[in-house]
Amino acid sequence: MGLPRRLKHFNVFHQGVSYFGDCEEIALPKVAVKLDDYAGAGMPGAVGIDTGQLENLEIEHTYGGLVFEIFKEFGITKIDGVLLRFAGSYQRDDTGEVDAVEIAVRGRHAEMDPGKAKAGDKTEFKVKSRLSYYKLTINGKDMIEIDLVNFIFKVDGTDRLAEHRKAIQK
């Protein structure tokens, strides 16, 4: 029997600067393949056909107050102008084993919400960023790398687009 890995501690880095103690929560990017339903003659139900596209990559991060440095990045013109990195420490309660999980992303901030302003109340500063690059590393091993601009999609060392690049670059 195994028990789940739980996030015990984490840190967020924005442009290489640590926000340890400032970042309260982060909604990590959902990675999803776009599928189309297909039911041909004689099929009792639809199957998902891979369209060759991925769903939009986004990350949301919430801070315990205004972070003035992040405002400076708003409206940046480069599609990969902002670097964010999540470093998480996950632990299993049955074995005590700790796993290092890192997610590095590049993109630009699409939305900034400074929250409500009321003297003495807790303030939340929420940022939503649209991504062009995503890399998931677990215990030092690259698991998923997606670079939308450079036509890269790797999973556990397998380049899912290698044959497609070969086919269209002849």
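The protein chain is annotated in an unreviewed UniProt entry as Phage major tail tube protein from Roseateles flavus.

A. How the structure looks around the layout of surface pockets. There is about 350 Å³ of room inside the largest pocket. Lining the largest pocket are 14 residues; nearest its centre among them are G52, Q53, L54, F153 and L161. Of all the elements in the fold, those that place two or more residues in the lining of the largest pocket are β5 (47–54), β10 (141–147) and β11 (152–155). Considering every element that reaches the lining of the largest pocket, the biggest residue donor is β5, with 4 residues. Each residue belonging to the lining of the largest pocket can be placed in one class, and the counts come to 8 nonpolar, 3 polar and 3 charged. What the second largest pocket holds in volume is close to 150 Å³. Taken together, L54, E55, N56, L57, I79, R108, R130, L131, S132, L148 and V149 make up the lining of the second largest pocket. Of the residues forming the lining of the second largest pocket, the biggest block, 3 residues, is contributed by strand β9 (residues 125–138). Looking at the lining of the second largest pocket, its residues break down into 6 nonpolar, 2 polar and 3 charged.

B. Inspection of a negative patch on the surface at higher detail. Taken together, the side chains of E25, E58, E60, E111 and D113 present a region of like negative charge at the surface. Elements represented by at least two residues in the negative patch include exactly β6 (58–63) and β8 (98–113). Relative to the assigned elements, E25 resides in strand β3 (residues 23–27).

C. Up close: the pairing of strand β7 (residues 82–92). Here β7 shows a buried face lined by V82, L84, F86, G88, Y90 and R92 and an unburied face lined by L83, R85, A87, S89 and Q91. Where strand β1 (residues 5–14) lies against β7, 9 bridges are found, and the strand directions are antiparallel. Considered in β7, the bridge of F13 is made with R85. Both β7 and β8 contribute to a ladder of 10 bridges, which runs antiparallel. The residue of β8 that forms the bridge with R85 is A104.

D. Quick peek at the side chain of H109. Looking at the element boundaries, H109 is found in strand β8. On the basis of relative accessibility, which here comes to 5%, the residue H109 falls in the buried class. One polar contact links H109 to H14, side chain to side chain, over a distance of 3.2 Å. Here S129 takes part through its side chain, which lies 2.7 Å from a polar atom of the side chain of H109. Those residues in contact with H109, other than ones at most four positions away along the chain, are H14, H61, I70, E73, F74, V82, V127, K128 and S129.

Rules and cut-offs
- Sequence order as written defines the numbering, with residues in each chain counted from 1.
- Local features in this predicted model are restricted to residues of pLDDT 70 or higher, and side-chain atom pairs are both shown and tallied only at a pLDDT of 80 or more, whereas totals for entire chains, interfaces and linings draw on every residue.
- Side-chain figures throughout are based on the complete set of non-hydrogen atoms in the structure, without hydrogens or water.
- Here a cavity means grid points, on a 1 Å grid over the protein atoms only, where a 1.4 Å probe fits yet cannot get out; a pocket means an open set of points with protein on both sides within 12 Å along at least five of seven lines; lining residues are those with an atom within 4 Å of a point.
- Grid points are joined across faces, edges and corners, and a volume is the space filled by probe spheres set on the points.
- Put simply, DSSP marks the helices as runs of H or I at least four residues long and the strands as runs of E at least two long, and each gets a number from the N terminus on.
- When residues are sorted by character, Ala, Val, Leu, Ile, Met, Phe, Trp, Tyr, Cys and Pro go into the nonpolar class, Asp, Glu, Lys and Arg into the charged class, and all the rest, Gly among them, into the polar class.
- To count toward a patch, a residue needs a relative accessible area above 30% and no salt bridge. Like charges then connect within 9 Å, nonpolar side chains (Val, Leu, Ile, Met, Phe, Trp, Tyr) within 5 Å.
- All accessibility values rest on the Shrake-Rupley procedure with a 1.4 Å probe; residue burial counts only the protein chains present in the view.
- Salt bridge, as used here, is a side-chain nitrogen of Lys or Arg placed within 4 Å of a carboxyl oxygen of Asp or Glu.
- A residue counts as positive if it is Lys or Arg and as negative if it is Asp or Glu; His and the chain ends are not included.
- Taken as the charge location is NZ of Lys, CZ of Arg, CG of Asp or CD of Glu.
- Burial classification: accessible surface area is computed with a 1.4 Å probe over protein chains only, and a residue below 20% of its type maximum counts as buried, one above 50% as exposed, and the rest as partly exposed.
- Any two strands with at least two DSSP bridges between them are considered paired.
- Throughout this description, a polar contact denotes any pair of N or O atoms lying within 3.5 Å of each other; where both atoms belong to protein, one of them has to be capable of donating a hydrogen while the other can accept it, and for residues adjacent in sequence the pair is counted only when both atoms sit in side chains.
- Any two residues whose heavy atoms approach within 4.5 Å are treated as being in contact.

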